[in-house]
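Notes for the structure review
Listed here are the chains, written in short residue letters.
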Amino acid sequence: MMDLFGDPAVWLPFVFAGLMGTAILVYVILDGFDLGVGLLFPFATPTERDRMVASIGPFWDANETWLVLAIGILLVAFPVAHGVILTALYLPVAVMLVGLILRGVAFEFRVKAPTRHRGAWNKAFFGGSLASTLSQGFMLGMYITGLQFTWANIAFATLTAVFLTVGFSFIGAVWLIGKTEGALQAKAILWARRGIWGLIAGIVAISAASPLVSARIWGKWFSWPEIVWLAPLPILSAVLVLTLWRVLHRLPLDGDRLAWAPFWMASALFVMAFGGLAYSFYPYVVPEQMTIYESAAAPESLIIILVGTMVVLPIIIAYSILAYTVFRGKATELTYY
Amino acid sequence: MDPLILSRIQFAANISFHILFPTITIALGWVLLFFKLRFNATGAEKWMDAYRFWVKVFALSFALGVVSGITMSFQFGTNWPGFMEAVGNVAGPLLAYEILTAFFLEAAFLGIMLFGFRRVPGWLHTTATALVAFGTTLSAFWILVLNSWMHTPAGYELRDGVVHATDWFAIVFNPSMPYRLAHMLLASGLTVSFLIAGFSAMRWLWGDRSDEVRATLRFGATLGAILIPIQIYAGDMHGLNTLEHQPAKVAAMEGNWETQGNVPLVLFAIPDQEARENRMEIAIPSVASLILTHSFDGEVPGLNDFVAEDGTIEHPPVAPVFYAFRVMVGLGFAMLALSWSSVWLMRRGRGVEGLPRPWIYAFVGMAFSGWIATLAGWYVTEIGRQPWLVTGVLTTREAVGSVTGGMVASTLAAYLLVYAGLMTAYLGTLTYLARKAARHDPLTPDVPKPDAGIRVLQPGE
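Residues numbered from 1 in each chain as written. Chains lettered and ligands numbered in written order. Predicted model: local features only at pLDDT ≥ 70, side-chain atom pairs only at ≥ 80, totals over all residues. Heavy atoms only, no water.

Re the packing of aromatic side chains
All names here are of chain B. Counting across every chain of the model gives 39 aromatic pairs over all chains. Ring pairing ties together the aromatic residues Phe17, Phe21, Phe53, Trp54, Phe199, Phe368, Trp371, Tyr415, Tyr419 and Tyr426, which thus form one cluster. The ring of Trp204 carries Arg209 above its face, with NZ or CZ at 3.9 Å from the centroid. (Phe/Tyr/Trp six-rings, centres within 6.5 Å; stacked < 30°, edge-to-face > 60°. Lys NZ or Arg CZ within 6 Å of the ring centre and 35° of its normal.)

Digging into a nonpolar patch on the surface
On the surface, Leu212, Trp218, Phe222, Trp224, Ile227 and Val228 of chain A cluster together to form a nonpolar patch covering roughly 710 Å² of accessible area. Mapped onto the secondary structure, Trp218 of chain A falls in helix H9 (residues 215-221). (Patch = residues over 30% accessible without salt bridge, like charges linked within 9 Å, V, L, I, M, F, W, Y side chains within 5 Å. Areas by Shrake-Rupley, 256 points an atom, 1.4 Å probe, with all protein chains shown as cover. Salt bridge = Lys/Arg side-chain N within 4 Å of Asp/Glu carboxyl O. Helix = DSSP H or I, 4+ residues; strand = E, 2+ residues; numbered from the N terminus.)

A word on the pairing of strand S2 (residues 162-165) of chain B
All names here are of chain B. When strand S1 (residues 156-159) meets S2, the two strands line up antiparallel, connected through 4 bridges. Bridge pairing links Arg159 to Val162 in S2. Hairpin connection from S1 to S2: 2 residues lie between these consecutive antiparallel strands, with Asp160 at a positive phi of about 50°. (Pairing = 2+ DSSP bridges.)

Some thoughts on the confidence of the model for chain A
Within chain A, residue pLDDT values average 83, and 97% of them lie at 70 or more. Ranking the helices and strands of chain A by mean pLDDT puts helix H6 (residues 118-144) of chain A first, with 88, and H9 of chain A last, with 79. (pLDDT = per-residue confidence, 0-100.)

So, the interface of chain A and chain B
At the junction of the two partners, chain A supplies 69 residues and chain B supplies 82 residues. Carbon and sulfur atoms supply 74% of the area that chain A and chain B bury against each other, a total of about 7200 Å² over both sides. For the pair chain A and chain B, the number of links is 0 salt bridges. For the pair chain A and chain B, the number of links is 5 residue pairs in polar contact (both at pLDDT 80 or more). Elements represented by at least two residues in the side of chain A that touches chain B include exactly helix H2 (46-56), helix H3 (60-77), helix H4 (79-88), helix H5 (90-112), H6 and helix H14 (299-326) of chain A. Here the side of chain A that touches chain B gets 15 residues from one element, more than from any other, and that element is H5 of chain A. In terms of residue class, the side of chain A that touches chain B is built from 44 nonpolar, 14 polar and 11 charged. (Contact = heavy atoms within 4.5 Å. Buried area = accessible area lost by both parts, 1.4 Å probe. Polar contact = N/O pair within 3.5 Å; in protein donor to acceptor, adjacent residues only side chain to side chain. Nonpolar A, V, L, I, M, F, W, Y, C, P; charged D, E, K, R; others polar.)

What about unusual backbone geometry?
The linkage connecting Gln386 of chain B with the following residue, Pro387 of chain B, adopts the cis geometry, with an omega of 5°. Looking at where Pro387 of chain B falls in the secondary structure, it is placed in the loop between helix H12 (369-383) and strand S5 (388-390). Positive phi outside glycine occurs at Leu147 of chain A, with the angle close to 60°. Within the secondary structure layout, Leu147 of chain A lies in the loop between H6 and helix H7 (151-179). Phi at Asp160 of chain B is positive, roughly 50°, even though this residue is not glycine. Within the fold, Asp160 of chain B resides in the loop between S1 and S2.

Right, here's the structure in full:
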């Protein structure tokens, strides 16, 4: 079976790189919106905050599991690269983890701890979301510039940290447009109008920087005939951004029409930006240092994970859809038990 | 400072903090299912009250377990890159299966379990509760398979210093796995028994005489009384298994410096690794030989077997293993005494009223005894594995990363600070919830008054 698709040392790493990429992408979109909702906390009233948490409460845990899956695939499929990347990003990883811890527990504590502590847990929720997002953006910037800690790279990574934070607030806001109604929805539309520049700046900065950092990536994009069949990617992105802009300035519409459109368009933008990045960096898992083929685990171990993945992944998708279906519609009060 | 010891402390701190919460959620999931099924069967409101109170403890513990678990998954790469490089071919698939089969299951159905009561049919809510409980147990299974494999590796071969899997059945069912898994699942059950009994006793002391408190105090004490003898037996079996596969660990647990027959059972001592002897020893002659070999003059391997010719010590540090073992066993027997005596007292007809005041206080005092015993047990087995990370394959020193001591020290300080804060908040919130329940306040936080026209989120309503 292993030789069915040719040399397993070639196709297995490729498949696992695809799986890891998918897991990261799903994580970025799903935890992107719930981190974003946390980032918007300071702009909301106490009542709105409760409703905002209610809109992500049943989902956030499953959303973060995609991060564990992504890092898990990196760990199990590319163990050497896992060590190199995480050792290089030691401190931002720690900041992200502390942020995720604070944010995750604040969900529970803010409603269970004594009321006088609620303000503090709201701050922890916002602070944790901010720390996680900033450090994820910082790591993205460092990764694109090749994990080399020079002042120029750190400056660039700081910039991507800010852009990603605004970008996540944006996707958080468009999630709220779909998930809420009335005054909060109107507010979310305003937040989204103001936040869209972060998404655009982020995509432009990353798209511009990666070919400049590496001649190899430059060559992959700006050579004949690649430039022709890659052209739809930036063009489609531009069209999406313009449409998104227009839709946001027309919302809210009667009968809540198009309330989910911004979220789907924003997700599509994330998908395209991510696709571009994946194309740039393939076949490297550690930029310019280590390919997926050099760092892959043994084929006999990968195949046993792949078999399980093929069986379990459809089931995971099925019950994730079930969970989203159960809690579909506008966010209402969350009741325990 | 040495990055090795700092990384070890950091890993120990992270995993010690983490394991506390799964230890609660693994068994509490099943207990909640039991409460729910009892309610479905009897319609008695006390079971739903119990469910409502303990599902909050579950939600809180689960959140803490999830976030501290995410930290764990990054630790391998940030601090121990040598681990995955050497044994990734075995550890990887096991971790992957944990994520794929257990994490997603728990996470997806947790939402339905916690918030779906009014949104889904009753059977689906009960099923979601069962699936979350199953998911936590499955997660424990995979992680204990990996942990056991690190203690007693099997089904692999070494090629150029890298482990390659040869027999997955042998890897999963490695020699210590069944014992360790049983021991840990029982530990989780006991932790939850005494937690439930302890908090019910606390509410009893605050004057709560509800049917719910009576039911849960009785439930906790009874479950503890059932599980503790099984646990003592399972622990003994686990010890014999360790004697076979990791004799140095057992020698350290017993404080036995010389290989000999008629080894005494050391009740207390101060092990002195410099002098290689015990000071202030209180011991029962020959009983350790009896327990470990079922004969008074049975020969038991001592620590002297694990010192190389050049004097290099190849056994674990004795004192922490020795003390932790006594803490665990001592608590086990305290659990036995308390649960059996109180079940007997309650059986004499008067229910919870039959328990004398000191028993109630004892339950309050023992509320977190399961945590302490579990941690002590893990210290015995994990410190007892040193200097190995994977027995006979990889030492802890070989696996540590290249990160500087200063960097590890800074993250360690940050983690400790966060953990101390979270532990305070966790214990404070649990007590607060119990106090509110004891006053029969509705378990709804006193949220600010709703703005006109907007309904307010009322978690825990």
